[in-house]
Amino acid sequence: MVVRNGAHAPLIEGDEHGFSDHAEDDIFKESDITSPSAFIWALTFAAGISGLLFGYDTGVISSTLVSIGKDLGHPLTTLDKGLITSSTSLGALIASPVAGLLADMIGRKPIILIADVLFITGALSQAAITSVFGMVVGRSIVGFAVGGASLVVPLYISELSPSPFRGKLVTLSILFITAGQVVAYIIGYALSMQRNGWRWMVGLGAVPAVLQFGLMLVLPESPRWLVKDGRSPQARNVLRKVYAAGKDHAVEEVLHAIKTEIVEEEATNNNMSTSAMGNQPHTWLTRPRNRFAELFCVGGNRRALTIACLLQGLQQLCGFNSLMYFSATIFSLLDFDSPTLTSLSIAVTNFVCTLLALIIIDHVGRRRLLLLSIPVMVVGLIASSVSYEYLGHPSWVHGSASSTPGVAQSPWAVVILIAITIYVCGYAIGLGNIAWQQSELFPLSVRSLGCGLATATNWGSNFVVGLTFLPMMEYLTPVWTFAIYSLICIVGWVCCWAIYPETRGLGLEDVRDLLRDSYGVEESLRRAKLRDL
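Residues numbered from 1 in each chain as written. Predicted model: local features only at pLDDT ≥ 70, side-chain atom pairs only at ≥ 80, totals over all residues. Heavy atoms only, no water.

Per an unreviewed UniProt entry, the protein goes by Major facilitator superfamily (MFS) profile domain-containing protein and derives from Letharia columbiana. According to the UniProt record, the Catalytic activity (unreviewed entry) comment for the protein reads "myo-inositol(out) + H(+)(out) = myo-inositol(in) + H(+)(in)". (UniProt positions renumbered as here; feature names shortened; annotations may be inferred.)

A. Broad picture of the overall build of the protein. Helices and strands together make up the secondary structure of the protein, namely 21 helices and two strands. Per-residue burial for the protein yields a buried fraction of 59% across its 533 residues. A separation of at least 24 residues holds for 82% of the contacts in the protein among residues at least 6 apart in sequence. Entry remark: accessible area of the protein is about 20100 Å², with carbon and sulfur atoms responsible for 67%. (Helix = DSSP H or I, 4+ residues; strand = E, 2+ residues; numbered from the N terminus. Buried < 20%, exposed > 50% of the residue type's maximum accessible area, 1.4 Å probe, protein only. Contact = heavy atoms within 4.5 Å. Areas by Shrake-Rupley, 256 points an atom, 1.4 Å probe, with all protein chains shown as cover.)

B. Up close: helix H2 (residues 78-106). Its 29 residues give H2 an end-to-end C-alpha distance of 41 Å, which sits within 8% of 42 Å, the value for a rise of 1.5 Å per residue. The largest bend in H2 is about 30°, located at Ser86. The positive-phi residue at the C-terminal boundary of H2 is Gly107, with phi of around 110°. (Expected span 1.5 Å × (residues − 1). Bend = angle between axes of the 7 residues up to and from the residue.)

C. The packing of H2 against helix H4 (residues 132-160), seen in detail. Where H2 contacts H4, the axes come no closer than 6 Å and their chain directions differ by 35°. Where H2 crosses over H4, the two elements pack in a sense that is right-handed. (Axes fitted to C-alpha atoms, helices over the stretch in contact; angles between N-to-C directions. Left-handed = near helix turned anticlockwise from the far one by under 90°.)

D. Spotlight on the packing of aromatic side chains. According to the stated counting rule, one finds seven aromatic pairs in the structure shown. Look at Trp41 and Phe45: their rings are 6.5 Å apart centre to centre, the planes differ by 45°, and that puts the pair in the tilted class. Remark: Phe45 and Trp41 occur in helix H1 (residues 38-65); sequence separation between them is four residues, near one turn of the helix. A relative accessible area of 27% places Trp41 in the partly exposed class. (Phe/Tyr/Trp six-rings, centres within 6.5 Å; stacked < 30°, edge-to-face > 60°.)

E. Structural context of the pattern of salt bridges. Overall, the coordinates contain eleven salt bridges when judged by the stated rule. As a salt-bridge pair, Asp362 and Arg366 come within 2.9 Å of each other at their nearest N and O atoms. Accessibility assignment for this pair places Asp362 and Arg366 in one class, buried. Between Arg366 and Glu440 there is a salt bridge, and its shortest N-O distance comes to 3.0 Å. Taken together, the residues Arg366 in helix H15 (residues 366-391) and Glu440 in the loop between helix H17 (431-434) and helix H18 (444-475) connect sequence positions 74 residues apart. A residue is classified by how much of its surface remains accessible, and Arg366, at 0% relative accessible area, is buried. A single network of salt bridges, built from pairs that share partners, joins Arg166, Asp362, Arg366 and Glu440. (Salt bridge = Lys/Arg side-chain N within 4 Å of Asp/Glu carboxyl O.)

F. Geometry of the environment of Ser448. Looking at the element boundaries, Ser448 is found in helix H18. Ser448 gets classed as buried once you look at its relative accessible area, which sits at 1%. Between the alpha carbons of Ser448 and Met105 there is a distance of 9.6 Å; along the sequence they are 343 residues apart. Residue contacts for Ser448: discarding those within four places in its chain leaves Gly100, Ala103, Asp104, Arg108, Leu151 and Leu155. At 2.9 Å, the side chain of Ser448 and the backbone oxygen of Gly100 are in polar contact. (Polar contact = N/O pair within 3.5 Å; in protein donor to acceptor, adjacent residues only side chain to side chain.)

G. Just the side chain of Asn458, in detail. With respect to the helices, strands and loops of the structure, Asn458 is situated in helix H18. In this structure the side chain of Asn458 is engaged in a polar contact, spanning 2.6 Å, whose partner is the side chain of Gln315.

H. Looking closely at the environment of Gln438. Mapped onto the fold, Gln438 is located in the loop between H17 and H18. Taking C-alpha positions, Gln438 is 8.8 Å from Leu305, a pair spaced 133 residues apart along the chain. Sequence-distant contacts of Gln438, defined by excluding residues within four places in its chain, comprise Ala308, Gln312, Cys451, Ala454 and Thr455.

I. Region of interest: helix H9 (residues 232-243). Between its first and last C-alpha atoms H9 spans 16 Å; for twelve residues at 1.5 Å apiece the expected length is 16 Å, and the two agree. If you check which residues of H9 are buried, you get Ser232, Ala235, Val238, Leu239, Val242 and Tyr243. Summarising the axial view, the buried residues of H9 lie within an arc of 125°, below the 170-degree limit, and thus occupy one face. Phi for Ala244, located one or two positions after H9, is positive at around 65°. (Arc of directions from axis to C-beta.)

In structure tokens, the structure reads:
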């Protein structure tokens, strides 16, 4: 953005919306900064350990469910498996909006530290339990940690990242999730034949949490939250580390933009508060109520929330995490010799394609990547549905896979594996990481709350999918289960095409102006073309 001198001069040069044609790119030309600083890389890796924990706890349950046997008192039923897997999602659903409010009040960093404590507690409690109820409680505690971490970590990284690299750095945190899933499947395969091996599977989740807790103690708070909290000098020091030596001009430009946004948002919030409350006294509920009012009553904020909730809901309702939770069960149904090892191939595919997304996201753009990748998911889902039909889809009996004789020799079982791999490729390149770019949609005053509600949408949808997948496979058959997921993807693609603008290269303080009067799709595409010239 271009800032003019003078107290009464316009803050941002540009069109009638106060939106610069080149936005924050004017600060970051190739001659100024060509890559993230060592500090921001180190910070992203440290914060990304939460993603590793998230991915590990998502992936390890797949191996755990086929390894528990009767260790919890009886063989697990379909209901038991559904409750164990969905309890994590339910915990995350409850924690996400609460973490959103707390992140606004006490900062981003403390939420990550609290999540680490919960990860440690949940992992150790799961390793020690002897009942299904105890397992549900342990998974719920992990869910509280996942809900807070999945909201705050992308937000924290986004608020510290220079705009040309924001997509890449946030995607790196998603890469940690896929790496955690790979690690979970490897450990699951190694321990699946050991007596009580599943207890080690879930208990080892405490190790990365201890490591991250120690690292986060020495890392700084988000500079945008620091400015909002009245600590501009500390924010300036953090930004100097982010942009490295010799970039003081960039630091001052960004700092000025943050302060300007805060002043404008506080004026808007004060006007709304006065209008809504009149002369009523302020209470402890005043601030959260004002934030909710600002989020839902201001058009640009409401549009940002709509987009974020759309992407987060679609990310789960497309059925992807059902593969993470139940992939070993699915491949056991198909009579693969090693269901856990076959699941590992899916996790590795997810990791590799997320790595590809990390490389190209800031070049191709969020919108284009999303619109190109969802049709790939549809192809994979339809191919899976058709293959199950020709396979003569095996049934599910009392929560266990009951295979049809000859399934392992059928080429259709291999086709299903290939189709699922194609689906995972499309997901990892697009929806799997783009939904988590949500923090760039919201202005600072409602960023943590908006991200909290959008993340709650994710986990609410995850809860529904985790609870319904096995019953759908049993009563609707795999053919219709995968067909329904493909239909959801098609509807989601149409919605994304209609309302999701391109935010590549825009500063966090600039996206607000893009969404001020409309969803800004056409305007965002025009500006993307200008940046590419």
